[in-house]
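# Coordinate inspection notes
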Protein chains: 2
Amino acid sequence: MSESRPRIVPEATVARLAVYLRVLAGLADGGRSSVSSGELASAAGVNPAGLRKDLSYLGPCGVRGVGYSVAGLRERLTEVLGGERSRPCVLVGIGRLGSALADYAGFASRGFQFVGLLDSDPRTVGTEVGGLPVHPAEELEAVVARTGATIGVITTPAEVAQTVCDRLVAAGVRSILNFAPVALTVPAGVDVRKVDLSVELQVLAFLDQQRDGSAPVVAALRADPQESVR
Amino acid sequence: MSESRPRIVPEATVARLAVYLRVLAGLADGGRSSVSSGELASAAGVNPAGLRKDLSYLGPCGVRGVGYSVAGLRERLTEVLGGERSRPCVLVGIGRLGSALADYAGFASRGFQFVGLLDSDPRTVGTEVGGLPVHPAEELEAVVARTGATIGVITTPAEVAQTVCDRLVAAGVRSILNFAPVALTVPAGVDVRKVDLSVELQVLAFLDQQRDGSAPVVAALRADPQESVR
DNA sequence: AACCGCTTGTGAACGCCTGAACAAAGTCGC
DNA sequence: GCGACTTTGTTCAGGCGTTCACAAGCGGTT
């Protein structure tokens, strides 16, 4: 039932909710007890009306004329985002990026817990990263089964990412965060989010160039067709 | 002049062009000389029609009935994305994430060159990361001026990110890639792209939860209004 | 107890991006 | 030399996300 359930909360909204949650944590530390949508939006870098629309997906959770209760909104967001119970994650590929992620304090404080680190390099296996031992890649299925992890993070080289992905899915992982620069193929029912660091830089370079020389790209667009058609 | 110039190439398209460029590099290494839109789209993980639409922004660059020339398309994309001349970048905050980025092979091979690494920790300053020496944070302005860097990457703790950002902008940097979990405020004419790793995980957790317990969030949405309105 | 100002929540319009179907064009085979 | 097949480039419609503007509701004040 509810096979083709329409997404109740847009994915873009979910991403922003996570941002609001972090801002709220900062406000709570500062001793604030209530916030207005304008202030919260400013801190999160979004439009106030958009923020209110985002929050409206969770039902009414503010008080008109006053604002939002910092503690109350925080609790609601935590519940909605699934941070109530800490979610076990496995991380495959303990290179420099993988090590950085394993040791990233931002994860643990937000209810995420890496329960298994895996790598295929014998020199890395057996070492400790962020207080956790690195297991050999062969134990992937065993680690997933033992910990019941449903989220996997891939920070391996691109060549082996698809293989790792297949093994994760076969082992029961249904949500994957992929840092390898390849498009992963997964069966229906599995979610993949891709973070491509070099693409981010390249987009910046494009915007940079577009500003620099009075938009050379546009000039190229106007001039090239004649050359290439000829 | 051209104050409010409409964006000729949509930003979402630019991001995908970078992906196509990488796929093309792999194909070139494999000895391929031409590709069809279907094959390229499959490797990039997008819709074939969308890919053709993306490429059409650059003017006609394929041959009907045959496909795209791997070498030709690669050259065109490289030119458009501004990777022709290598763009100097500075990286501020040489923690674990910063070190990973500085040493990330994917950047150097794509025309990006880190010309300055900066950190405020005396224990980090003076060490070498990825073959480059780490300079003290005080030299930020000097490094930017000397290298002519126009792109800055921020991997500092959230508390100092805005200060670092202000100094980068004042020194002449106009494109910033921000990994710190805060919304940066910049003057008009400066582009900021934000990568938030914990948000990515949190979105995955949400999708995970939404699948798990027959969408408890939806249940909450249906039940709450009655309670709170009453 | 009633008024006033402030803030939320929501409805509608706008624009952008995505996905699918069609026409143009070039090449290969006969 | 001609026909047919393949593949690009484009046009159109649909959906999604964002933004603006207004009505509803609550607290503080007199």
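Residues numbered from 1 in each chain as written. Chains lettered and ligands numbered in written order. Predicted model: local features only at pLDDT ≥ 70, side-chain atom pairs only at ≥ 80, totals over all residues. Heavy atoms only, no water.

## Let's talk about the confidence of the model for chain A
Residues and elements named next belong to chain A. Averaged over every residue, the pLDDT of chain A is 87; residues scoring 70 or more account for 88%. In the predicted structure, residues 1–7 sits below a pLDDT of 50 and forms four contacts with residues beyond four places in sequence or in another chain. Ignoring residues within four places in sequence, the model shows residues 214–230, a span with pLDDT below 50, making 17 contacts including any to other chains. (pLDDT = per-residue confidence, 0-100. Contact = heavy atoms within 4.5 Å.)

## Let's talk about the protein's contact with DNA strand C
Around DNA strand C, 21 residues are found, and the nearest of them are A:S37, A:Y68, B:R16, B:N47 and B:R64. Atoms of DNA strand C within 4 Å of the protein: sugar and phosphate make up 73%, bases the balance. In the model, a phosphate oxygen of DNA strand C is placed 2.5 Å from a nitrogen or oxygen of the A:S37 main chain. For DNA strand C, a phosphate oxygen lies 3.1 Å from a polar atom in the backbone of A:C61. Taken together, the elements giving at least two residues each to the surface near DNA strand C come down to α3 (48–56) of chain A together with α1 (11–29) and α3 (48–56) of chain B. Of the residues contributing to the surface near DNA strand C, the split by class is nine nonpolar, seven polar and five charged. (Near = heavy atom within 4 Å. Polar contact = N/O pair within 3.5 Å; in protein donor to acceptor, adjacent residues only side chain to side chain. Helix = DSSP H or I, 4+ residues; strand = E, 2+ residues; numbered from the N terminus. Nonpolar A, V, L, I, M, F, W, Y, C, P; charged D, E, K, R; others polar.)

## Description of the interface of chain A and chain B
Counting residues at the interface gives 76 residues for chain A and 76 residues for chain B. Between chain A and chain B lies a buried interface of about 7100 Å² when both sides are counted; carbon and sulfur atoms form 62% of it. Contact with chain B buries surface across chain A, with A:L201, A:Q202 and A:L204 losing the most and accounting together for 10% of the total. Across the contact surface, chain A and chain B share eight salt bridges. For the salt bridge of A:D103 with B:R96, the shortest nitrogen-to-oxygen distance reads 2.9 Å. Our count for the contact surface shared by chain A and chain B stands at 18 residue pairs in polar contact (both at pLDDT 80 or more). Residue composition of the side of chain A that touches chain B, by class: 42 nonpolar, 13 polar and 21 charged. (Buried area = accessible area lost by both parts, 1.4 Å probe. Salt bridge = Lys/Arg side-chain N within 4 Å of Asp/Glu carboxyl O.)

## A short note on the packing of aromatic side chains
Residues and elements named next belong to chain A. Taken as a whole and assessed by the stated rule, the structure comprises four aromatic pairs over all chains. Measuring from centroid to centroid gives 4.9 Å for Y104 and F107, while their planes differ by 85°, and the two rings are edge-to-face. Grouped by ring-pair contacts, the aromatic residues Y104, F107 and F114 constitute a single cluster. (Phe/Tyr/Trp six-rings, centres within 6.5 Å; stacked < 30°, edge-to-face > 60°.)

## Notes on the sheet that holds strand β3 (residues 87–92) of chain A
Strand pairing in a sheet relies on backbone hydrogen bonds, with the paired strands running either antiparallel or parallel. All names here are of chain A. Spatially, β5-β6-β4-β3-β7-β8-β9 is the arrangement adopted by the seven strands of the open sheet, whose pairing is mixed. A strand with exactly one partner marks an edge of an open sheet, and here the two such strands are β5 (128–129) and β9 (191–194). For β3 and strand β4 (residues 112–119), the ladder comprises six bridges, and the chain directions are parallel. Residue pairing across strands places P88 opposite Q113, the latter belonging to β4. (Pairing = 2+ DSSP bridges.)

## Some points on the packing of helix α1 (residues 11–29) of chain A against helix α4 (residues 70–81) of chain A
Residue and element names in this part refer to chain A. Between α1 and α4, whose axes approach to 9 Å, the crossing angle comes to 145°. Relative to α4, the crossing made by α1 is left-handed. Along its contact with α1, which presents V14, L17, A18, Y20, L21, L24, A25 and A28, the element α4 presents V70, L73, R74, L77, T78 and L81. When the residues that make up the contact of α1 with α4 are grouped by side-chain class, the tally is 12 nonpolar, one polar and one charged. (Axes fitted to C-alpha atoms, helices over the stretch in contact; angles between N-to-C directions. Left-handed = near helix turned anticlockwise from the far one by under 90°.)

## Let's talk about the pairing of strand β3 (residues 87–92) of chain B
Residue and element names in this part refer to chain B. For β3, the tally of buried residues reaches six of six residues, placing the bulk of the element in the interior. Judged by which residues are buried, β3 turns out to be covered on both faces: R87, C89 and L91 on one side and P88, V90 and V92 on the other are all buried. In this sheet, strand β7 (residues 151–154) lies alongside β3 in parallel orientation, the contact comprising four bridges. Residue pairing in the sheet places C89 in a bridge with I151 of β7. (Buried < 20%, exposed > 50% of the residue type's maximum accessible area, 1.4 Å probe, protein only.)

## Examining the relation of the copies chain A and chain B
Copy one and copy two of the chain differ by a rotation about an axis and a translation along that axis. Between the two copies, chain A and chain B, the superposition gives an RMSD of 0.1 Å; the rotation angle is 180° and the shift along the axis is 0.0 Å. Both copies are brought into coincidence by an operation consistent with a two-fold rotation axis. The rotation axis passes nearest to the C-alpha of A:L97 in chain A, at a distance of 3.3 Å. In this assembly the copies share their binding face: 99% of the residues contributing to the interface of chain A also contribute to that of chain B. (Least-squares fit on C-alpha atoms with pLDDT ≥ 70 in both.)

## Quick notes on α3(A)
Residues and elements named next belong to chain A. Among all positions of α3, only L51, D54 and L55 are buried. The buried residues of α3 all sit within an arc of 95° when viewed along its axis, so they share a single face. Buried residues along α3 sit in contact with α1, α2 (37–44), β2 (68–69) and α4. Capping the start of α3 is the job of one residue whose side-chain oxygen sits 2.8 Å from the backbone nitrogen of A49: N47. (Arc of directions from axis to C-beta.)

## A short note on the pattern of salt bridges
Counted by the stated rule, this structure contains 20 salt bridges over all chains. Taking the shortest distance from any N to any O, the salt bridge between B:R193 and A:E200 comes out at 2.8 Å. Placement of the pair is B:R193 in strand β9 (residues 191–194) and A:E200 in helix α9 (residues 197–212), with the two residues belonging to separate chains. Since its relative accessible area comes to 16%, B:R193 is described here as buried.

## Comments concerning the protein's contact with DNA strand D
Around DNA strand D lies a shell of 24 residues, among which A:R16, A:R64, B:S37, B:G62 and B:Y68 are the nearest. One of the side-chain N or O atoms of A:N47 is found 3.2 Å from a phosphate oxygen in DNA strand D. The side chain of B:Y68 places a nitrogen or oxygen atom 2.8 Å from a phosphate oxygen of DNA strand D. Elements that contribute at least two residues to the surface near DNA strand D include exactly α1 and α3 of chain A together with α3 of chain B. Along the lines of polarity and charge, the residues of the surface near DNA strand D split into nine nonpolar, eight polar and seven charged.

## Things to note about the sheet that holds strand β8 (residues 175–178) of chain B
All names here are of chain B. Reading across from one edge, β5-β6-β4-β3-β7-β8-β9 is the order of the seven strands in this open sheet, with mixed pairing throughout. What marks the edges here is a single partner per strand, and that holds for β5 (128–129) and β9. Helix α8 (residues 158–171) contacts β3, β7 and β8 of the sheet and is inclined by roughly 170° relative to β7.

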